[in-house]
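Here is what each chain is made of, one letter per residue.
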Amino acid sequence: MGHPTTSGFTALIAAPLTRPRRIVLAVAATLAGCSLSACSDIGGSQTDTATPDATVSASQDTRSAGDAQDTQDDSAGDTFTVALDKTATWNNGVKTHLSGFGRGTSGEYASPSGKAYLAFSVTVQNGSKSAIDLSMISLSCPDGADQIFDTDAGFAGTPDTHLLPGKSQTWKAACAFPKTARSVQIEITPTDTSGSGWYRTAIFTGQVQ
């Protein structure tokens, strides 16, 4: 992507709360500051990943079927589209996939509280040659909704740690999501601090029960 950015398929996923913060993509500001050719040199593609869970499943949205290919060359774009049950793969070997989709309602002491949510696990595998600062990964919820932070449920945002080459890490997240909603779009953008360019945004899209 051309910019730096600012948050088993079983019933619920929860994620460790280390700091109450909402992580949102700052796409517009970044695009205004640099061109794709100047600062977007880490591309991405997608590959198959986990099997859907019987309780809450994720499937590719038919509207994005033509865009979400098994292997995608995104060298000319800021983003690349990934089905919810696929794995996003950037050109430097970093991979991300979502799993364990589930629904729930945030508790009394959550931020925000009393909100219906969609929970999921985020797994990042570092196949690059540099450490990745996981705290700098940007996660954008469907329709710009709030990310849920709930200590009791274990939703904590991204881990405050560096992921070394060859390692992988999974954490849990949740987004405010109406009980009747089905269509999902979740955007993930790692940040490159090595000076070689900025990651493109992986747009995970599909349907959940």
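Residues numbered from 1 in each chain as written. Predicted model: local features only at pLDDT ≥ 70, side-chain atom pairs only at ≥ 80, totals over all residues. Heavy atoms only, no water.

**Describing the overall build of the protein chain**
For the protein chain, the count of helices and strands is two helices and 12 strands. Ordered by position from N to C terminus, the α and β elements of the protein chain give α-α-β-β-β-β-β-β-β-β-β-β-β-β. Taking all 209 residues of the protein chain together, 53% fall into the buried category. Accessible surface computed for the protein chain: about 9000 Å², of which carbon and sulfur atoms make up 50%. (Helix = DSSP H or I, 4+ residues; strand = E, 2+ residues; numbered from the N terminus. Buried < 20%, exposed > 50% of the residue type's maximum accessible area, 1.4 Å probe, protein only. Areas by Shrake-Rupley, 256 points an atom, 1.4 Å probe, with all protein chains shown as cover.)

**Digging into the pairing of strand 5 (residues 95–105)**
In the sheet, strand 4 (residues 86–90) pairs with strand 5 via three bridges, with the strands oriented antiparallel. Following the sheet pairing, T87 is matched in strand 5 by H97. Where strand 4 folds back onto strand 5 in an antiparallel hairpin, the turn is made up of four residues, including G93, whose phi is positive at roughly 100°. Pairing of strand 5 with strand 6 (residues 116–125), which is carried by nine bridges, proceeds in the antiparallel orientation. In the strand pairing of strand 6, G104 is matched with Y117. (Pairing = 2+ DSSP bridges.)

**Here we look at the state of the cysteines**
Applying the stated criterion to the full structure yields one disulfide. With a sulfur-sulfur separation of 2.1 Å, C141 is cross-linked through a disulfide to C175. Here the S-S torsion is close to -75°, and the disulfide linking C141 with C175 is therefore left-handed. Pair noted here: C141 is in the loop between strand 8 (138–140) and strand 9 (162–163) and C175 is in strand 10 (residues 168–176), with a separation of 34 residues, a long-range link. (Disulfide = S-S within 2.5 Å.)

**Points about unusual backbone geometry**
Note: most peptide bonds trans; most residues except glycine with negative phi. In this structure, the amide linkage connecting S111 to the following residue, P112, adopts the cis form with an omega of -10°. At D143, a position not held by glycine, the phi torsion is positive, near 55°. Inspection of the secondary structure assignment puts D143 in the loop between strand 8 and strand 9.

**A look at the confidence of the model for the protein chain**
Regions with low pLDDT should not have their predicted coordinates read in detail. When pLDDT is averaged along the protein chain, the result is 74, and 61% of the positions lie at 70 or above. For residues 1–40, every residue scores under 50 in pLDDT, and the model assigns this stretch 147 contacts once sequence neighbours within four places are set aside. Ignoring residues within four places in sequence, the model shows residues 47–55, a span with pLDDT below 50, making 24 contacts including any to other chains. (pLDDT = per-residue confidence, 0-100. Contact = heavy atoms within 4.5 Å.)

**Describing the packing of aromatic side chains**
Applying the stated criterion across every chain, the model contains four aromatic pairs. Note on W90 and Y199: the rings are 5.8 Å apart at their centroids and 85° apart in plane angle, and the pair reads as edge-to-face. Placement of W90 in strand 4 and of Y199 in the loop between strand 11 (183–189) and strand 12 (201–208) is noted, with a sequence separation of 109 residues between them. The exposure class of W90 is buried, given its relative accessible area of 2%. The buried category is assigned to Y199, whose relative accessible area is 3%. (Phe/Tyr/Trp six-rings, centres within 6.5 Å; stacked < 30°, edge-to-face > 60°.)

**Considerations on the nonpolar core**
Among the nonpolar cores identified, the biggest contains 37 residues, and L98, F101, F120, V124, L139, I186 and F204 are the most heavily contacted of them. Those elements giving two or more residues to this core turn out to be strand 3 (79–83), strand 4, strand 5, strand 6, strand 10, strand 11 and strand 12. Here this core gets six residues from one element, more than from any other, and that element is strand 6. (Core = buried A, V, L, I, M, F, W, Y, C linked by side-chain atoms within 4.5 Å.)

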